[in-house]
Amino acid sequence: MAKRPRPRRPYSLESRLHRIIASDSSLAAPGSSTEDGPRHPLPPPRVPPTSKRPDPDASNRQPAVESEVPADDAAAGGGGHNLARGGGGKASMFADLGGMQPVINLLMKDVVIPLRRPELLQWLGGAARHRDPPVVRPVPGILLRGRPGCGKTTLAHAIANETGVPFHKTSAPELVSGVWGASEENIRSLFNKAYRTAPSIVFIDEIDAIASKREDAQRGMEQRIVTQLMTCMDQFHQNFAGSDGAASDMDTSQSSDVEKTKTAEGHVVGIGATNRPDAVNPALRRPGRFDREICLGVPDEDARRQILERLTRSLRKPVEGGPFDLDKITRAAPGFVGSDLKALVDQAGSQAIDRFIDEATKVAQPSLRREGFSSIPDVKWADVGGLDSLKQELDRCIVRCIKHPELYKKFGVDMQDSFLLFGPPGCGKTLIAKEVAHDAGANFIYKKGPELLTKYVGESESGVRKIFARARTNSPCIIFFDEIDALTTKRGNEGSWVVERVVNQLLTELGSSSDQGVFVIAATNRIDVIDDALLRPGRFGRKRFVPLPGANERASILKLLAGSGKKPLSPSVDLDALARREECNNLSGANLASLMNEAATEALEDRLGSGLGESIELSHFERALSKVKP
């Protein structure tokens, strides 16, 4: 009796796709490793008889140039959209994109493989015949969301170049027309052409302009445009499920000018791009339309280096200087997105005659600084006199945690509590917080408490939510609240109902901030008025008193203020003795800065009056001490 063959262990779709990618080098994402071939025999690549597009290997594949729009397509189209093959001549490929490897791996599985090897979906879905609708369906739509300049449009062009399929690109405002019904017709004709040239890609940039929430639409035209876009995207399922050789026509009942034509073999992937995802209608963001949402955030230090490597690989390096110090440039450019780094390289090119590339960081402005982020303060540890123990603790709990997150995670060290610096005014609380932001090299948000208070109900809480949401999206990030007592007075007092909502919002945000790469520092000189719930562990659990400087600290502060040629100090002036004088006992750091400036002013007055004297003498400090009081 013949022995029954042992059944094969079923593989998940994920494992099968990985084996398929490993078996075909033309499908492997850049930088991915290869494995042995699949156990099940794969169907050979199928090229439709009417298609002129071969399926070459990745090593020989070149991005196709702009293709001519057929006469009937050109006549049917409206709204300025065009047909291009391979992204309209753009030479960007996945290998040209830095810092996007996880996104590229996802796109290879969801977009590139279904478009280049559609028969694999038939095989994976268990279809008995080629015409049978498979169980496994490709992704109908992808929504790329992220801040301006993060690479959404470039990524869409790279997808088209990798697949080599017709690429229908348009901008959402170009689809809008002032003629009644013309906007909907433009959308129908765009998708009609895409289905006739399937497999293909439809890319709509700034899609929030035509896909706003219907309840927020102020005109009937806006509601009709959103509805038409949904109808066209739903055509994907009718086309894919009924691809049995029969004609599958776009619904053109709303316009008799659009000709009904047979749908080509294959499917259409819709790609939308927006920097306002919350404005997009939720009905478009459900499965069956934009199935996948890919967030392109602000690149971290490693991603910025990868982007710079690709941007500078073709630049002419200085002969005597060797290659660029990309590590230094990367650390000096926190908050830069892809377009900012491109502007940085372009700016460096214009200064390349006698300057290095890192000098351009002083000129190029990152997008984040135009969207609520603050410039990284140019304050170093050496610029802060005294407070040595506080410096060490902030360095251990924030700076090194940002620079070496993998080590802190390995040892299970949880830096959950935020810092609250309190003490007399002028003792350096704000200065030391700025120094931490500079040394960490992370994104930095600096807000003064009163800036968040508004007269409109709900706006103050919304401002707090936006700050923390922006920080989480662009982590690691340091948030510094100066004069936080204006936002966090104790609840229950008469007339404090406005601030109570802000306190409640802060309590919510602080409880979930540190585990997402957000570090909060606050400063106040009135800790007694802050609500007790904010002072417990898990929120502002690290409360550190910043006292008035002692004699030694006053001496170091005065030396910093006068050192490095900042002030023409006479050699006869003994700053150590001056710092120990009784008149200086209660002076803060800000008072000492005022003392030094007042002494310089007295010296300048003597120079202008008598024409004598080129330096600041002890007599000038004597007069300054009579004016500066604690």
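Residues numbered from 1 in each chain as written. Predicted model: local features only at pLDDT ≥ 70, side-chain atom pairs only at ≥ 80, totals over all residues. Heavy atoms only, no water.

As recorded in an unreviewed UniProt entry, the chain goes by the name AAA+ ATPase domain-containing protein, listed as coming from Aegilops tauschii. The UniProt entry for the chain carries the following text under Sequence similarities (unreviewed entry): "Belongs to the AAA ATPase family." What the UniProt record of the chain gives under Subcellular location (unreviewed entry) is the line "Cytoplasm". (UniProt positions renumbered as here; feature names shortened; annotations may be inferred.)

Visitor: Where do I start with the packing of aromatic side chains in this structure?
Guide: How two aromatic rings sit relative to each other is set out by the distance from centre to centre and by the angle between their planes. Throughout the structure, instances matching the rule amount to five aromatic pairs. Geometrically, the ring pair formed by Tyr446 and Phe480 is stacked, given 5.4 Å between the ring centres and 15° between the ring planes. Taken together, the residues span a long stretch of sequence, with Tyr446 in strand 8 (residues 443–448) and Phe480 in strand 9 (residues 477–482) at a distance of 34 residues. The exposure class assigned to Tyr446 is partly exposed, which follows from its relative accessible area of 22%. Joined through ring pairs, the aromatic side chains of Phe444, Tyr446 and Phe480 make up one cluster. (Phe/Tyr/Trp six-rings, centres within 6.5 Å; stacked < 30°, edge-to-face > 60°. Helix = DSSP H or I, 4+ residues; strand = E, 2+ residues; numbered from the N terminus. Buried < 20%, exposed > 50% of the residue type's maximum accessible area, 1.4 Å probe, protein only.)

Visitor: Which parts of the structure should I look at to understand the pattern of salt bridges?
Guide: Side chains carrying opposite charge are able to pair once their charged atoms draw close together. Taken as a whole, this structure holds 27 salt bridges when the rule is applied. One salt bridge connects Glu293 with Arg145, and the closest N-O pair in it is separated by 3.1 Å. Highlighted residues: Glu293 in strand 6 (residues 292–296) and Arg145 in strand 2 (residues 141–146), separated in sequence by 148 residues. Taking the relative accessible area as the measure of exposure, Glu293 reaches 28% and is therefore partly exposed. For Arg145, a relative accessible area of 26% translates into the label partly exposed. Salt bridges linked by common partners bring Glu598, Glu602, Asp606, Arg623 and Lys627 together as one network. (Salt bridge = Lys/Arg side-chain N within 4 Å of Asp/Glu carboxyl O.)

Visitor: Help me understand unusual backbone geometry in this model?
Guide: Omega for the bond connecting Ala198 with Pro199 falls within 30 degrees of zero, at 0°, which places this linkage in the cis form. In this structure, Pro199 sits in the loop between helix 7 (182–196) and strand 4 (200–205). Of note in the backbone geometry, Glu206 takes a positive phi value of approximately 55° without being a glycine. Within the secondary structure, Glu206 sits in the loop between strand 4 and helix 8 (220–241). Phi at Glu483 is positive, roughly 55°, even though this residue is not glycine. Position of Glu483 relative to the elements: it lies in the loop between strand 9 and helix 16 (497–510).

Visitor: Would you explain the sheet that holds strand 9 in this entry?
Guide: The strands that make up a sheet pair up through hydrogen bonds in the backbone, lying either parallel or antiparallel. In space, the five strands of this open sheet follow the order 8-9-10-7-11, with parallel pairing throughout. Lying at the two open borders of the sheet, with one neighbouring strand each, are strand 8 and strand 11 (542–545). Each strand axis lies, on average, 15° off the axis of its neighbour in the sheet, ignoring direction. (Pairing = 2+ DSSP bridges. Axes fitted to C-alpha atoms, helices over the stretch in contact; angles between N-to-C directions.)

Visitor: Which parts of the structure should I look at to understand the confidence of the model for the chain?
Guide: When pLDDT is low, close inspection of the predicted coordinates is not appropriate. Looking at the chain, pLDDT values average 74 and 70% of them are 70 or higher. Here helix 2 (residues 71–76) stands out as the least confident element of the chain, with mean pLDDT 32; strand 7 (residues 419–422) is the most confident, with 92. Under a pLDDT of 50 for its full length, residues 25–81 has, in the predicted model, 112 contacts with residues more than four places off or in other chains. Low pLDDT, under 50, characterises residues 241–264; the predicted model gives this stretch 43 contacts beyond four residues in sequence or across chains. (pLDDT = per-residue confidence, 0-100. Contact = heavy atoms within 4.5 Å.)

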